Amino acid sequence: MEFLTVLTIPNILTIIIIFMLLFLSGFFSGSETALTAASRSILRAKEDKGHKGATRALKLTENTEKLIGAILLGNNFANILAASLATHLLTKIYGEGGVFYSTLVMTLLIVIFAEVMPKTIAAIHPEKIALPASYILNLLMKLAYPAVWLINTLSLIHISEPTRRTPISYAV
């Protein structure tokens, strides 16, 4: 197959969308690490100085189940859609072998660029990442509230610890 015949506008757009989804996935991965690793005392000090991002970050971390649910929903959506698009593209080009190539390529891209790098950067600079990320995650948690509530409720049904919150406590 000639290289230039593969570079059609739809294929190029698909590749661009895949990389945008990988960036989005990296945002979610890094945000999760940053918000869980950020120093509460540093965030409170910034909050005392009137930093709204610090206030928002602290508020997000008050309910880790909702935060993790929203981040995992966004992260899995981005990863699954990126992998699906890559599989579609590579099966058009390579036939059934495209499934293998897609699995190999997307595994490497997701692990390196959407997991390890963002989490490493966020672990080194948690407050720098957590503060701006809190704006986007706060909006996402509001928009995705019904889906996050459902995910958390279904997850809590399977948790048998008596100290865990009940699904009803999420409704209030």
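Everything below is about the structure shown above.
So, a few notes on the structure that sits alongside this text. By convention here, each chain's residues receive numbers from 1 onward along its written sequence. A pLDDT threshold of at least 70 governs which residues receive local features in this predicted model, and a stricter bar of 80 or more applies before side-chain atom pairs are shown or counted, although totals over entire chains, interfaces and linings include all residues. Each side-chain value is worked out from all heavy atoms of the structure, with water and hydrogens disregarded.

1. Regarding the overall build of the protein
Part 1 of the argument: Runs of E in the DSSP output that reach at least two residues are strands. Runs of H or I that reach at least four are helices, and both are numbered from the N terminus. Along the protein, the regular secondary structure elements total 8 helices and 0 strands.
Part 2 of the argument: Taken over the C-alpha atoms alone, the protein extends approximately 60 × 40 × 25 Å along its principal axes.
Part 3 of the argument: Counting across all 172 residues of the protein, residues that qualify as buried make up 37%.
Part 4 of the argument: Any pair of residues with heavy atoms lying within 4.5 Å of one another is described as a contacting pair. Residue pairs at least 24 apart in sequence account for 75% of intrachain contacts in the protein once pairs closer than 6 positions are excluded.
Part 5 of the argument: Within the structure as shown, the protein displays about 10500 Å² of accessible surface, and the carbon and sulfur contribution to it stands at 71%. When a residue's accessible area, from a 1.4 Å probe over protein chains only, is under 20% of the maximum for its type it is buried; when over 50% it is exposed; and in between it is partly exposed. Areas reported here follow the Shrake-Rupley algorithm with a probe of radius 1.4 Å; residue values treat only the protein chains shown as occluding.

2. Description of the packing of aromatic side chains
Part 1 of the argument: Two aromatic rings from Phe, Tyr or Trp, using only the six-membered ring of Trp, form a pair when their centres are within 6.5 Å; if the ring planes differ by under 30 degrees the pair is stacked, by over 60 it is edge-to-face, and anything between is tilted. Taken as a whole and assessed by the stated rule, the structure comprises 3 aromatic pairs.
Part 2 of the argument: Ring plane angle 70 degrees and centroid distance 5.1 Å describe the contact between Y94 and Y101, whose orientation is recorded as edge-to-face.
Part 3 of the argument: Classification of Y94 as exposed rests on a relative accessible area of 51%.
Part 4 of the argument: For Y101, a relative accessible area of 38% corresponds to the partly exposed category.
Part 5 of the argument: Taken together, the ring pairs in this structure connect Y94, F100 and Y101 into an aromatic cluster.

3. Here's the deal with the packing of helix α2 (residues 9-37) against helix α5 (residues 64-94)
Each pair of packed helices can be described by the angle between their axes along with the distance between the axes.
Part 1 of the argument: Look at α2 against α5: their axes get within 9 Å of each other, and the N-to-C directions meet at 155 degrees. On the basis of the axis angle, α2 is roughly antiparallel to α5. Note on packing geometry: the crossing formed by α2 with α5 is left-handed.
Part 2 of the argument: In terms of residue class, the contact of α2 with α5 is built from 16 nonpolar, 8 polar and 2 charged. Structural elements are reduced to axes, namely lines fitted to C-alpha atoms, with helices fitted over the stretch in contact, and the angle between N-to-C directions of any two is expressed from 0 to 180 degrees. Roughly parallel covers angles under 35 degrees, roughly antiparallel covers those over 145, roughly perpendicular covers 65 to 115, and oblique covers all other angles. For any pair of crossing helices, the crossing counts as left-handed if the nearer helix is rotated counterclockwise from the farther one by less than a right angle, and right-handed if it is rotated clockwise. Just so you know the grouping, Ala, Val, Leu, Ile, Met, Phe, Trp, Tyr, Cys and Pro go in nonpolar, Asp, Glu, Lys and Arg go in charged, and all remaining residues, Gly too, go in polar.

4. Section: the side chain of S29
Part 1 of the argument: Residue placement: S29 occurs in helix α2.
Part 2 of the argument: Residue class for S29 comes out buried when judged on its relative accessible area of 0%.
Part 3 of the argument: Any N or O atom pair separated by 3.5 Å or less is treated as a polar contact, with the protein-specific requirement of one donor-capable and one acceptor-capable atom, and with residues adjacent in sequence counted only for side-chain atom pairs. Looking at S29, its side chain comes within polar contact range of the main-chain oxygen of A114, at 2.7 Å.
Part 4 of the argument: In contact with S29, not counting residues within four places along its chain, are N75, A114, E115, P118 and K119.

5. Side note on the packing of helix α4 (residues 52-62) against helix α7 (residues 126-143)
Part 1 of the argument: Across the interface, α4 lies against α7 with an axial gap of 8 Å and an inter-helix angle of 55 degrees. Considered as vectors, α4 and α7 are oriented oblique to each other. In terms of crossing hand, the pair formed by α4 and α7 is left-handed. On α7, the residues that touch K52, G53, A54, R56, A57 and L60 of α4 are A130, L131, S134, Y135, L137, N138 and M141.
Part 2 of the argument: Residue classes in the contact of α4 with α7 are distributed as 8 nonpolar, 3 polar and 2 charged.

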